[in-house]
Amino acid sequence: MKILLLEDEYSLRISIEEFLTDLGYKVDGFMDGLEAYDAVYDTSYDLLLLDVNVPSLTGFELLKKLRADDISIPAIFLTSMTDVNDLKEGYKRGCCDYIRKPFDLMELELRIDQALATYLKNDSHVVTLGEELIYDLKRSQLKHNDKEIVLRKTEKDMLEVLIKNKNAIVSTEMFQDEVWGDYVEPATIRVQLNNLKKKLPADIIQNRRGLGYIIER
């Protein structure tokens, strides 16, 4: 599981990063909202932890832009705000939870567990890719007309990276990081993608020459 952490207070950000890393999460920390926003389109994240008052782009603005782009990664706001109108604003922007500062790191762990569990339980784990073509993220299962299309592990992993970044371009580097975890030849990635595309009943994976690949829905 990979988490994006947006927090401009250095000591708190480092504490959270170290705590979550010890729990087994991969964490990318940012102090600037615009940098965090750009990172979402370069890396596949499973959860966003967002401070509200940060430079360049507030946490509220960042999440609003992501939701407008149909990116549904679960998000938790970390904030010292206590006004109920601020809380309403956050939920309006599309967050699934709030944690008020100061907070205990054990509380953060529980909130993260709950957010991820809820996200996997709801219908968002069943993604429509085309006419009668769906992918179940929870079961890692692709079906067309209720019949399963058998995919190899690498093909499933690549498809899931594309789905999690639906409507955003997935670069070769992102596939390397998320699927292989190390450098592989670009030709290997192309071969695996072509194998995957041959198994799909519709041409849903588009190539953006020089940039990467995308599923647009």
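Given the structure is predicted, the values throughout are model-derived calculations rather than measurements. (Residues numbered from 1 in each chain as written. Predicted model: local features only at pLDDT ≥ 70, side-chain atom pairs only at ≥ 80, totals over all residues. Heavy atoms only, no water.)

*Asks:* Any chance you could explain the confidence of the model for the chain here in plain terms?
*Replies:* A low pLDDT score tells you not to read the predicted coordinates there in detail. In this model, the chain carries a mean pLDDT of 87, and residues with pLDDT of at least 70 account for 93%. Mean pLDDT across the elements of the chain bottoms out in helix H4 (residues 84-93) (67) and peaks in helix H1 (residues 10-22) (95). (pLDDT = per-residue confidence, 0-100. Helix = DSSP H or I, 4+ residues; strand = E, 2+ residues; numbered from the N terminus.)

*Asks:* Where do I start with the packing of helix H7 (residues 172-180) against helix H8 (residues 186-199) in this structure?
*Replies:* The relative placement of two packed helices is expressed as an angle between their axes plus a distance between the axes. At a closest axis distance of 10 Å, the pairing of H7 and H8 adopts a crossing angle of 75°. Judged by the inter-axis angle, H7 sits roughly perpendicular to H8. On H8, the residues touching Thr172, Phe175, Gln176 and Trp180 of H7 are Pro186, Thr188, Ile189, Gln192 and Leu193. Of the residues belonging to the contact of H7 with H8, the class tally is five nonpolar, four polar and no charged. (Axes fitted to C-alpha atoms, helices over the stretch in contact; angles between N-to-C directions. Parallel < 35°, antiparallel > 145°, perpendicular 65-115°, else oblique. Contact = heavy atoms within 4.5 Å. Nonpolar A, V, L, I, M, F, W, Y, C, P; charged D, E, K, R; others polar.)

*Asks:* For this particular structure, what's the right way to read the packing of helix H6 (residues 153-164) against H7?
*Replies:* Between H6 and H7, the least distance of the axes is 10 Å, while the angle of their chain directions is 125°. Classed by the angle they form, the pair H6 and H7 counts as oblique. At the point where H6 passes H7, the crossing takes the right-handed sense. Note on element contacts: H7 touches H6 through Phe175, Glu178, Val179 and Trp180, opposite Thr154, Asp157, Met158, Val161 and Leu162. (Left-handed = near helix turned anticlockwise from the far one by under 90°.)

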